[in-house]
Number of protein chains: 2
Amino acid sequence: MKIRSLTGLYYFHIAATHLSFKEAANYLSVTQAAISQQVRGLEDRLGTKLFIRSHRQISLTRDGQLLHSHTTAAFTSLEEGVSQLKTDSDPYTLKVSVLPSFASLWLVPRLGSFNKQHPEISVLLLPDNTLTDFKTQDIDICVRYGIGRYDDVQTVPLMGDYLYAACHPSYQKEQSIEQVSDLKGCLLLEDARPDMNWDYWLKQLGKESTSYPSALKYEGSNLVVEGAIASQGIALVRHSLAAKFVRSGALVKLFEQQVASDFIYCLAAPERHFEREKVKLFCEWIQKEVKQFQKNYT
Amino acid sequence: MKIRSLTGLYYFHIAATHLSFKEAANYLSVTQAAISQQVRGLEDRLGTKLFIRSHRQISLTRDGQLLHSHTTAAFTSLEEGVSQLKTDSDPYTLKVSVLPSFASLWLVPRLGSFNKQHPEISVLLLPDNTLTDFKTQDIDICVRYGIGRYDDVQTVPLMGDYLYAACHPSYQKEQSIEQVSDLKGCLLLEDARPDMNWDYWLKQLGKESTSYPSALKYEGSNLVVEGAIASQGIALVRHSLAAKFVRSGALVKLFEQQVASDFIYCLAAPERHFEREKVKLFCEWIQKEVKQFQKNYT
DNA sequence: TTCACGCTTAAGAATATCTTATGTTAATGG
DNA sequence: CCATTAACATAAGATATTCTTAAGCGTGAA
């Protein structure tokens, strides 16, 4: 026999357990009207009243009680089934897929603190430029740099970023760079990412880009930053990756001008991964670290 | 814990039981693409593959098997719960709510045959002009005359109907009525229903209605028919109700002109009532009777 | 080597669901 | 008493999901 109005049954179940439409609505993060409508729909379909609506409280009719005992068994069973799949083969190893640049320039320097807080969890950092397929790869969570919304995974936004020009202090002195137009004579270093090239950056600032020399492209922002540190030229860097070098003096931020990136850093994983204890801990930790970073490098 | 993608779980369950998306789709009366998408959605959400897709057949993964055992328990329980509400307090009494006119002129004369076929079922005919509220009234099924689609009940269409003018043969002779314009001198009988008055009828035929005398209204089409039989005047009748009188000679259909009604007769009841044996039998019987009627009175 | 069959995918259409805003009712307190 | 409040109901329109359509893909059989 086909089952119809599944949601109706589920909403009924939650309402019956709470004996309140309001609380059910709250629990399910919908409005109370939604519950009311679903329950009414179910009652219509079954041709029977399930709740007795009295003043400011509801109670179950005979039919409602009968049905509730079954829905309880049913949905408990479903929950169990789903949560069984959540079992994690290795709860003490956290496998994180990260962009190589973010890994080496941001995450690695900070990971010590995570280990100090949670010594029982060993972290396996997997630098990877491609998108993670959680169905085939055994990854707990990944850090992406993108638009922040994807179809098949849940995401947690971490921070935005912005782009600016930076180089080694000595290089700046050598070439006596003071304003954007001074870039013309220099070797420009850039990432191969489409959103991180000089063309884009200059255009965002309203400058004509074609008058600038072609740049040297690296696959990976960390290489760009390292190139700049090695006085190769002027790098277009992400604040998140370059900040600490600017602070230490290994790099100088060349102009006031900077461009906010369209992309943000975020954590991404299938919904159920976020229920793993180790993943929860990692999320909390990295969010704190992000706040710290933003506070320290504004 | 909140359960998400309930439909996904259900579709998975059906697919897993049939071990075929196609059959599952068939069973659920949706396309196979819908199953594919729901299952994929569930797999994405859980972050695990549930089926192994091989050529022209699917099989369950370990996770799939695990989940399926739970969904089986769950959905069986739901089905039970729902079907328990379907219990009928008195399976041998069929309570039918019908329009008084249809009851007396169409249904009652035929009911003997139902009783002959199913002597164990006693029929309780409840003539009622108002809409039936199945939640408060203890009715198995009702016969309505309307548009054939309602929000809160399932309907089974029986037949359309059409309207024509009829009167007693002697009245026709007396007033020597031969064409529609001859109506002008006569007493017109009509139903109080908005769709069954002379105005509407004449307009449908493209005649000017205002030039005809005001009519005598009765609450209930049977009264209209009976008025005509009693030679009171000319009745606007529904074929379904007048046919047998026309056949027997108690009434004459006055002109060739007739107007198809916007409404149809249909059976209506909450979905679950249709699963009661007595209701099923009644549906079958009345559908046969309708066919018979249409065949005999064309 | 092509056909046929079952699953997948993408895009837009169809439908269901949700929110917003308002109404109803009955207990509560001034 | 009347105003207020809390919980549920309802209508209409916005939103989101779900479905269908139409194409594609891969494989085993003819």
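Structural data are supplied above this passage.
First, a word on scope: everything that follows refers to the structure included in this document. Along every chain, residues carry numbers that run from 1 in the direction the sequence is written. Naming scheme: in the order in which they are written, chains are lettered from A and ligands are numbered from 1. Given that this is a predicted model, residues contribute local features only at a pLDDT of at least 70 and side-chain atom pairs are listed and counted only at 80 or more, while totals for whole chains, interfaces and linings are drawn from all residues. Values shown for side chains rest on all heavy atoms present in the structure; no hydrogens or waters enter the calculation.

With that settled, consider helix H4 (residues 62-84) of chain A. In an α-helix, one turn spans 3.6 residues; hence positions three or four apart end up facing the same way. Helix and strand definitions here come from DSSP, where helices need a minimum of 4 consecutive H or I residues and strands a minimum of 2 consecutive E residues; each element is numbered from the N-terminal end. In this scheme, a helix's expected span is set at 1.5 Å multiplied by one less than its residue total. A rise of 1.5 Å per residue sets the reference length of H4 of chain A, with its 23 residues, at 33 Å; its end C-alpha atoms lie 33 Å apart and thus fit the reference within 8%. Here's how the labels work: a residue is buried when its accessible area is under 20% of the maximum for its type, exposed when over 50%, partly exposed in between, all with a 1.4 Å probe on protein chains only. Among all positions in H4 of chain A, only Gly64, Leu67, His68, His70, Thr71, Ala74, Phe75, Ser77, Leu78, Gly81 and Val82 of chain A are buried. Next to the buried residues of H4 of chain A lie helix H1 (6-18), helix H3 (32-46) and strand S2 (57-60) of chain A together with helix H1 (6-18), helix H3 (32-46) and helix H4 (62-84) of chain B. Contacts are assigned to residue pairs with any non-hydrogen atoms lying within 4.5 Å of each other.

What follows deals with unusual backbone geometry. Residue and element names in this part refer to chain A. The backbone phi angle of Leu19 is positive, close to 50°, even though this residue is not glycine. Summarising the element assignment, Leu19 is placed in the loop between H1 and helix H2 (21-27). Classification of Leu19 as partly exposed rests on a relative accessible area of 41%. Positive phi is not limited to glycine here, since Arg56 has a value of about 55°. Looking at the secondary structure, you find Arg56 in the loop between strand S1 (51-54) and S2. Under the relative-accessibility criterion, Arg56 is labelled exposed at 78%.

Turning next to the nonpolar core. Definition of nonpolar core: a set of buried residues of the types Ala, Val, Leu, Ile, Met, Phe, Trp, Tyr and Cys, connected through side-chain atoms within 4.5 Å. Ranked by size, the top nonpolar core spans 54 residues in total, and within it Ile35, Phe51 and Leu67 of chain A together with Ile35, Phe51 and Leu67 of chain B carry the most contacts. Those residues in contact with Leu67 of chain B that lie beyond four places of it in its chain are Gly81, Val82 and Leu85 of chain A together with Leu9, Phe12, Leu42, Leu46 and Leu50 of chain B.

So, on to the packing of aromatic side chains. Remark: the centre distance and the inter-plane angle together describe each pair of aromatic rings, the angle taken between the planes. Any two rings among Phe, Tyr and Trp, with Trp reduced to its six-membered ring, count as a pair given centres within 6.5 Å; such a pair is stacked if its planes are under 30 degrees apart, edge-to-face if over 60, and tilted if neither. Considering all chains together, one arrives at 28 aromatic pairs over all chains under this definition. Summarising the aromatic geometry, the rings of Phe114 of chain A and Phe282 of chain A are spaced 5.6 Å apart at their centres and angled 85° between planes, so their arrangement reads as edge-to-face. Here Phe114 of chain A, found in helix H5 (residues 100-117), pairs with Phe282 of chain A, found in helix H10 (residues 277-296); they are 168 residues apart in sequence, far enough to count as distant. On the accessibility criterion, Phe114 of chain A (0% relative accessible area) is buried. By way of ring pairs, the aromatic residues Phe102, Trp106, Tyr145, Phe263, Tyr265, Phe293 and Tyr297 of chain A are connected into one cluster. Throughout this description, the term charge over a ring refers to an Arg CZ or Lys NZ atom that lies within 6 Å of the ring centre and within 35 degrees of the ring normal. The ring of Tyr164 of chain A has Lys253 of chain A sitting right over it, with the charged end atom 4.6 Å from the ring centre. Note that Arg247 of chain B overlies the ring of Tyr297 of chain B, its terminal NZ or CZ placed 4.4 Å from the centroid.

Before going further, it helps to spend a moment on the side chain of Asp191 of chain A. Residue and element names in this part refer to chain A. Its place among the elements puts Asp191 in strand S7 (residues 188-191). Charge counting follows a simple rule: Lys and Arg are positive, Asp and Glu are negative, and His as well as the terminal groups are ignored. Salt bridges are defined by distance alone: a side-chain nitrogen of Lys or Arg within 4 Å of a carboxyl oxygen of Asp or Glu. One buried charged side chain, Asp191, makes no salt bridge at all; its nearest oppositely charged neighbour is Arg238, positioned 4.8 Å away. Counting of polar contacts relies on pairs of N or O atoms within 3.5 Å, with two restrictions inside protein: one atom must be capable of donating a hydrogen and the other of accepting it, and residues adjacent in sequence are counted only when both atoms are side-chain atoms. A distance of 2.3 Å separates a polar atom in the side chain of Asp191 from a polar atom in the side chain of Ser221. For Asp191, the residues in contact, after removing those within four places along its chain, are Met196, Lys217, Tyr218, Gly220, Ser221 and Val224.

The environment of DNA strand C is formed by 21 residues, the closest being Tyr11 and Thr31 of chain A together with Gln32, Ser36 and Arg53 of chain B. Here, proximity means that at least one heavy atom of the residue falls within 4 Å of the molecule or strand. When atoms of DNA strand C within 4 Å of the protein are sorted by moiety, sugar and phosphate together comprise 57%. Note that a phosphate oxygen of DNA strand C is positioned 3.1 Å from one of the backbone N or O atoms of Phe21 of chain B. With 5 residues, the top contributor of residues to the surface near DNA strand C is H3 of chain B.

Next up on the list: the packing of helix H5 (residues 100-117) of chain B against helix H9 (residues 239-248) of chain B. Residues and elements named next belong to chain B. Where H5 contacts H9, the two axes come as close as 9 Å, and the packing angle between them is 55°. It follows that H5 is oblique to H9 by the angle criterion. Here the hand of the crossing between H5 and H9 comes out left-handed. Seen from H5, the contacting residues are Ser101, Phe102, Leu105, Trp106 and Pro109; seen from H9, they are Ser240, Leu241, Lys244 and Phe245. Classifying every residue of the contact of H5 with H9 gives 6 nonpolar, 2 polar and 1 charged. Interaxial angle, 0 to 180 degrees, is taken between N-to-C directions of lines fitted to C-alpha atoms, where a helix line uses only the stretch in contact. When describing relative orientation, an angle under 35 degrees is termed roughly parallel and one over 145 degrees roughly antiparallel, while 65 to 115 degrees is termed roughly perpendicular and anything else oblique. For a crossing to be left-handed, the near helix must be turned anticlockwise from the far one by less than a right angle; the clockwise case is right-handed. Following the grouping adopted for this structure description, the nonpolar residues are Ala, Val, Leu, Ile, Met, Phe, Trp, Tyr, Cys and Pro, the charged ones are Asp, Glu, Lys and Arg, and the polar ones are all others, Gly among them.

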